[in-house]
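Survey of secondary and tertiary structure
Below are the chains, spelled out letter by letter.
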Amino acid sequence: MKTSLEFFFDCSSPWTYLAFVRLLERAPHLPINLIWKPILVGGVFNKVNGDVYSQRANPNPIKAAYFKKDLGDWARLAGVKLISPSVFPVRSVTAMRGCFFALSQDKLVPYAKALFEAYWEQDQDIGQHEVIADCASKAGLDGAACLEAAASPEAKAGLLANTEELIVRGGFGSPTFFVNHDDMFFGNDRLELVEAAIRRFVSEG
């Protein structure tokens, strides 16, 4: 019996990149039905987590130094390279709308991976159409078709619906996991708890 695991994500977050990589390593060994839920994390912040903006504008230097170290430690553990992008925060809305086209073509994972790598490793602005098209091509998709689909009413509605759904269900950022719909976990560092919850549901089910 498989357990549902929903992954609400936005490629503009470094912690989400780490969670994405680590989740893909674990997923084949877990009895889960993995459900990808692209969101616009800025839309979540605007509604329920506006403190993010004030913290960015007036960072605590002590916390900021530790944040940098912590991110580096997790990146080494996950085996990924993380840079400080030239453009941050990035306008990820078109790229995330493109996820719905990638999902329809069963290419979500390679498309998201290409976006994460472009932004967090190669310092490319994933808000730019040419970068998005290139990421789509790397994922085996038609870049022009991906951009066209991202501009469609369906993709716009899909991204808005997922973002609103996360808010309604108590989420406040990316990455957010839900095990069997109701058990919510936030953050890359909660993945071990996610895995424990999955195994608990299986053993009890």
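Below is a summary of the structure that appears in this document.

Basis of the calculations
Throughout this description, residue numbers start from 1 for each chain and increase along the sequence as written. Predicted model: local features are reported for residues with pLDDT of at least 70 only, side-chain atom pairs are reported and counted for 80 or more only, and whole-chain, interface and lining totals are derived from all residues. Side-chain descriptors were evaluated using all non-hydrogen atoms of the structure, hydrogens and water having been removed beforehand. For this text, the term disulfide refers to a pair of cysteine sulfurs within 2.5 Å. Only protein chains enter the area calculation, which uses a 1.4 Å probe; residues under 20% of their type maximum are buried, those over 50% are exposed, and those in between are partly exposed. One bridge is not enough; two strands pair if DSSP finds at least two bridges between them. Elements are defined by DSSP. Helices are runs of H or I of four residues or more, strands are runs of E of two residues or more, and each kind is numbered from the N terminus. The convention used is that axes are lines fitted to C-alpha atoms, helices contributing only their stretch in contact, and that angles between N-to-C directions extend from 0 to 180 degrees. The handedness of a crossover follows from its direction of travel: if, with the strands pointing away from the viewer, the path from the first strand over the helix to the second runs clockwise, the crossover is right-handed. A side-chain nitrogen of Lys or Arg and a carboxyl oxygen of Asp or Glu constitute a salt bridge if their distance falls within 4 Å. The span you would expect from a helix comes to 1.5 Å times its residue count less one. As used in this record, nonpolar core signifies buried Ala, Val, Leu, Ile, Met, Phe, Trp, Tyr and Cys residues forming a set joined through side-chain atoms within 4.5 Å. For this analysis, residues touch if any pair of their heavy atoms sits within 4.5 Å. Directions drawn from the helix axis to the C-beta atoms are what define this arc. By the criterion applied in these results, polar contacts are pairs of N or O atoms within 3.5 Å in which, for protein atoms, one can donate a hydrogen and the other can accept it, and in which residues neighboring in sequence qualify only through two side-chain atoms. A patch is a set of surface residues, each over 30% in relative accessible area and not in a salt bridge, joined within 9 Å for like charges and within 5 Å for the nonpolar side chains Val, Leu, Ile, Met, Phe, Trp and Tyr. The protein chains shown are the only cover counted for residues, whose accessible areas, like all others here, come from Shrake-Rupley with a 1.4 Å probe. Aromatic rings from Phe, Tyr and Trp, taking only the six-membered ring of Trp, are treated as a pair when their centres fall within 6.5 Å; an angle between ring planes under 30 degrees marks them as stacked, one over 60 as edge-to-face, and anything in between as tilted. Any Lys NZ or Arg CZ that is within 6 Å of a ring centre and within 35 degrees of that ring's normal is treated as a charge sitting over the ring.

Tallied over the entire structure, the rule returns zero disulfides. Cys99 provides the cysteine sulfur closest to Cys11, a residue in no disulfide bond, and the two sulfurs are 5.3 Å apart. Classification of Cys11 by relative accessible area gives buried; the value is 0%.

Before going further, it helps to examine the sheet that holds strand β4 (residues 183–186). Pairing in this open sheet of four strands is mixed, and the strands run β2-β1-β3-β4 from one edge to the other. Whereas interior strands pair on both sides, the edge strands pair on one side only; in this sheet they are β2 (32–38) and β4. The mean angle between the axes of side-by-side strands here comes to 20°, regardless of whether they run parallel or antiparallel. Summarising the sheet, strand β3 (residues 176–179) and β4 pair through four bridges and their orientation is antiparallel. Residue pairing in the sheet places Thr176 in a bridge with Phe186 of β4.

On to the pairing of β2, then. Summarising the sheet, strand β1 (residues 3–9) and β2 pair through seven bridges and their orientation is parallel. Opposite Leu5, over in β2, you have Leu34 as the bridge partner. After leaving β1, the chain enters helix α1 (residues 14–26) and then returns to the sheet as β2, a path that is right-handed.

What follows concerns the pattern of salt bridges. Applying the stated rule across the entire model yields 15 salt bridges. Put simply, Lys47 and Glu164 hold a salt bridge, and the shortest N to O gap is 2.9 Å. A residue pair is termed long-range when its members are at least 10 positions apart, and Lys47 in helix α2 (residues 41–48) and Glu164 in helix α9 (residues 153–168) qualify at 117 residues. According to the relative accessible area criterion, Lys47 is exposed, its value standing at 54%. Look at Glu164 and you get partly exposed, because its relative accessible area is 27%.

Between its terminal C-alpha atoms α9 stretches 22 Å, which fits the 22 Å expected from 16 residues at 1.5 Å a residue. By the burial criterion, the buried members of α9 are Ala155, Gly158, Leu159, Asn162, Thr163, Leu166 and Ile167.

Ranked by size, the top nonpolar core spans 52 residues in total, and within it Phe9, Tyr111 and Phe177 carry the most contacts. Other than its neighbours up to four places away in sequence, Tyr111 contacts Ala95, Gly98, Cys99, Ala102, Ile132, Cys135, Ala136, Ala139, Leu141 and Cys146. Membership of the second largest hydrophobic core comes to six residues, among which are Phe8, Ile39, Ile167 and Phe178.

Take helix α8 (residues 143–150) next. Of the positions making up α8, those classed as buried are Gly143, Cys146 and Ala150. Looking straight down α8, one finds its buried side chains confined to an arc of 60°; they lie on one side. Turned more than 90 degrees from where α8 packs its buried face, Ala144 and Glu148 sit exposed. In this structure, the buried residues of α8 make contact with α5 (93–104), α6 (108–120), α7 (129–138) and α9. Capping the start of α8, Asp142 holds a side-chain oxygen 3.0 Å from the backbone nitrogen of Ala144, two or three residues further along.

Here the focus is a nonpolar patch on the surface. A contiguous nonpolar patch, built from Val48, Phe172 and Phe186 and spanning about 220 Å² of accessible area, is present on the exposed surface. With respect to the helices and strands, the residue Phe172 is situated in the loop between α9 and β3.

Let us now look at the packing of aromatic side chains. In this structure the tally under the stated criterion is 13 aromatic pairs. Aromatic side chains Phe45 and Tyr53 sit 6.1 Å apart centroid to centroid with 85° between the ring planes, which places their arrangement in the edge-to-face category. A residue is classified by how much of its surface remains accessible, and Tyr53, at 34% relative accessible area, is partly exposed. Here Tyr119 and Trp120 contribute two aromatic rings whose centre-to-centre distance is 4.7 Å and whose plane-to-plane angle is 70°, an arrangement assigned as edge-to-face. Accessibility expressed as a relative area gives 3% for Trp120, which makes it buried. Cluster of aromatic residues (ring-pair linked, three or more members): Phe7, Phe9, Tyr17, Phe20, Trp36, Phe116 and Phe177. Above the plane of the ring of Phe178 lies Arg169, whose end atom (NZ or CZ) is 3.9 Å from the centre. We note Arg200 situated over the ring of Phe201; from NZ or CZ to the ring centre the distance is 6.0 Å.

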